[in-house]
Amino acid sequence: MKYVKWIFVVLLISSLTSFVEKDKPTGGLNVGDIAPDFKIESMSTEQPIAELSTMRGKYVLLSFWASYDAHSRMQNASLSNVLRSASRNNVEMVSVSFDDYQSIFKETIRKDQIVTPTCFVETKGESSGLFKKYRLSRGFTNYLLDDNGVIIAKNISAAELSAYLN
């Protein structure tokens, strides 16, 4: 009988712990939030400036990643490939890397064969204002925004994006 009480107490505490963990908010912004505006100026003259507010009226796929994060890097390349091969492309992709060095960013873009005119690097890395504004963490994420800048999907996969486009 003595052990039954302890087992009951342990089960009760463990169930409360798992209940509390399920209610923890996830990192970053969530579906239904309005994506904060930002402006990234390129370090080179041939690359345009990314300003989210100028893209209102279009669907936008924001992809945040870094070369040192294999999963976010693969996800970024997959999403870029889907957009490039889509027959009907009504989504503008803005790809933002949080690499500390532009040389690493450029080499990663070359190796991953990412062809997008709106691919940028935020060389302040995780200490940048954009990283903080979107409440990102390692592991990064992506957001699909509607034409009003409202997040309609988070962490969308290449298959989900392909289904959306077709």
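Definitions and cut-offs
- Counting of residues starts from 1 at the beginning of each chain's written sequence and follows it residue by residue.
- Since the coordinates come from a predicted model, pLDDT governs what is reported: local features require at least 70, and pairs of side-chain atoms require 80 or more to be given and counted, while whole-chain, interface and lining totals use all residues.
- Calculated side-chain values reflect all of the structure's heavy atoms, with hydrogen atoms and water omitted.
- Two strands qualify as a pair provided DSSP detects at least 2 bridges between them.
- Here a strand is any run of E in DSSP of at least two residues, a helix any run of H or I of at least four, and the numbering for each starts at the N terminus.
- Only the stretch in contact is used when a helix axis is fitted, and all axes are lines through C-alpha atoms; the angle between N-to-C directions ranges over 0 to 180 degrees.
- Contact definition: two residues touch when any of their heavy atoms are within 4.5 Å.
- Residue types Ala, Val, Leu, Ile, Met, Phe, Trp, Tyr and Cys, when buried and joined through side-chain atoms within 4.5 Å, form a set referred to as a nonpolar core.
- Working definition: with a 1.4 Å probe on protein chains only, accessible area under 20% of the residue-type maximum means buried, over 50% means exposed, and in between means partly exposed.
- We count a salt bridge whenever a side-chain nitrogen from Lys or Arg sits within 4 Å of a carboxyl oxygen from Asp or Glu.

Enquirer: What is the right way to read the sheet that holds strand β5 (residues 119–121) from this model?
Expert: Strands pair in a sheet through their backbones, by hydrogen bonds, and they do so in one of two ways: parallel or antiparallel. Taking strand neighbours across the sheet as the criterion, the 5 strands line up as β5-β4-β3-β6-β7 in an open arrangement whose pairing is mixed. The open sheet has two edge strands, β5 and β7 (151–154), and neither has a second partner. Strand-to-strand, the axes of this sheet are offset by a mean angle of 20°, without reference to chain direction. Of the strand pairs in this sheet, strand β6 (residues 141–145) and β7 are connected by 3 bridges, and their pairing is antiparallel. When the sheet's bridge partners are listed, Y143 is paired in β7 with K154. Packed on one face of the sheet, helix α3 (residues 102–112) meets β3 (59–65), β4 (91–97) and β5 and runs near 150° to β5.

Enquirer: For this particular structure, what's the right way to read the nonpolar core?
Expert: Soluble globular proteins tend to bury their nonpolar side chains together. F38, L62, F64, V94, Y134 and Y143 are the most contacted members of the largest nonpolar core, which has 23 residues in total. When residues of this core are traced back to their parent elements, those giving at least two are β3, β4, α4 (129–133) and β6. Among the elements that take part in this core, β3 stands out by supplying 3 residues, more than any other. Apart from the residues lying within four places of it in its own chain, the contact partners of Y134 are G28, L29, A35, P36, F38, L52, L62, F64 and Y143. Residues L61, L83, M93 and I156 belong to the second largest nonpolar core, which totals 13 residues.

Enquirer: Help me understand the pattern of salt bridges in this model?
Expert: Close approach of charged atoms lets side chains of opposite charge pair. What the rule picks out here adds up to 2 salt bridges. Ionic pairing is found between R73 and D112, a salt bridge with its closest N-O pair at 2.8 Å. Here the residue R73 occupies a position in helix α2 (residues 70–85), and D112 occupies one in helix α3, the gap between them amounting to 39 residues. Classification of R73 as partly exposed rests on a relative accessible area of 23%. D112 gets classed as buried once you look at its relative accessible area, which sits at 18%. Between R110 and E107 there is a salt bridge; the shortest N-O distance is 2.5 Å.

Enquirer: Quick question: what am I supposed to make of the environment of E92 here?
Expert: Turning to its location among the elements, E92 is positioned in strand β4. In sequence terms E92 and L145 are 53 residues apart; their C-alpha atoms lie 9.7 Å from each other. Not counting the four nearest positions on each side in its chain, E92 is found in contact with M55, K58, Y59, V60, L61 and T118.

Enquirer: When you look at unusual backbone geometry in this model, what are you seeing that I'm missing?
Expert: The phi angle of most residues is negative, glycine excepted, and most peptide bonds adopt the trans form. Backbone geometry places R135, a non-glycine residue, at a positive phi of 50°. Considering the arrangement of structural elements, one finds R135 in the loop between α4 and β6. Classification of R135 as partly exposed rests on a relative accessible area of 47%. Positive phi values are uncommon outside glycine, yet N155 reaches one of about 55°.

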